[in-house]
Amino acid sequence: TGTRKNLTPDALIPLDAPVQSRSYLTPSATSRKDLPRKRSRTEALGDDDEANKDVAELDSIASKRLQNTLAARRSRKRKLEHQLELEANLEHEKQLKEQWRSRAMTLEALLLSHGIPVP
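Just so it is clear, the structure is predicted and the values come from calculations on it, not from any experiment.

1. Considerations on the overall build of the protein
Within the protein, the secondary structure is distributed over two helices and zero strands. Contacts in the protein between residues at least 24 apart in sequence constitute 83% of all its contacts with a sequence separation of at least 6. Carbon and sulfur atoms make up 56% of the accessible area of the protein, which amounts to about 10,900 Å² in all.

What follows is the structure in C-alpha cells.
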C-alpha cells in the first residue's frame, strides 16, 4: 500500500516544519528549464534587468518547491487518515460479521435441540 505500519497522522512531519535545504551537486533533472517559455512583460518591452530576472526566477522556483513540499505533506496526511479510517471500518465489519455468525450458531443449536431440522 505504500505506507508503514503503526504510523499515525501525528507522527508525520507537521505542515509548519522547516523545509530541508537542497544540497545536490548537480541541478535536478526535474528543475531544469530548457524549454523556451513565454517572454515576461519586461522582456517584451525591452527594459529587463538580467540580475532581477535571475533572482525572480530563483524565488519563483523556491516558492513552487515550497508549495509542492507542503502539498505533499498534506497529501500524505490525508492518505494516512483515509487508510486508518478504512482499517477501522474493516475491523468494525469483522466484529459485526462475527457477532451475527455467533447468533446464527446459537439459533441453529436451539432449533436442533428442539428437534427442528436446519436447512
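Following the structure, the description resumes.
2. Notes on a nonpolar patch on the surface
A contiguous nonpolar patch, built from L111, L112, I116 and V118 and spanning about 300 Å² of accessible area, is present on the exposed surface. Secondary-structure assignment places V118 in the segment after α2 (50-113). Note on V118: relative accessible area 31%, which makes it partly exposed.

3. As for the environment of P14
Secondary-structure assignment places P14 in the segment before α1 (41-45). Spatially, the C-alpha atoms of P14 and K77 are 9.2 Å apart, while their sequence positions differ by 63 residues.

4. Digging into the pattern of salt bridges
Tallied over the full model, the rule gives one salt bridge. One salt bridge connects E98 with R101, and the closest N-O pair in it is separated by 4.0 Å. With E98 and R101 both in helix α2 and three residues apart, this pair spans about one turn of that helix.

5. Here's the deal with the environment of L7
Here L7 shows up in the segment before α1. Residue class for L7 comes out buried when judged on its relative accessible area of 16%. As a C-alpha pair, L7 and L84 span 77 residues in sequence and 9.2 Å in three-dimensional space.

Rules used throughout
- Residues numbered from 1 in each chain as written.
- Predicted model: local features only at pLDDT ≥ 70, side-chain atom pairs only at ≥ 80, totals over all residues.
- Heavy atoms only, no water.
- Helix = DSSP H or I, 4+ residues; strand = E, 2+ residues; numbered from the N terminus.
- Contact = heavy atoms within 4.5 Å.
- Areas by Shrake-Rupley, 256 points an atom, 1.4 Å probe, with all protein chains shown as cover.
- Patch = residues over 30% accessible without salt bridge, like charges linked within 9 Å, V, L, I, M, F, W, Y side chains within 5 Å.
- Salt bridge = Lys/Arg side-chain N within 4 Å of Asp/Glu carboxyl O.
- Buried < 20%, exposed > 50% of the residue type's maximum accessible area, 1.4 Å probe, protein only.

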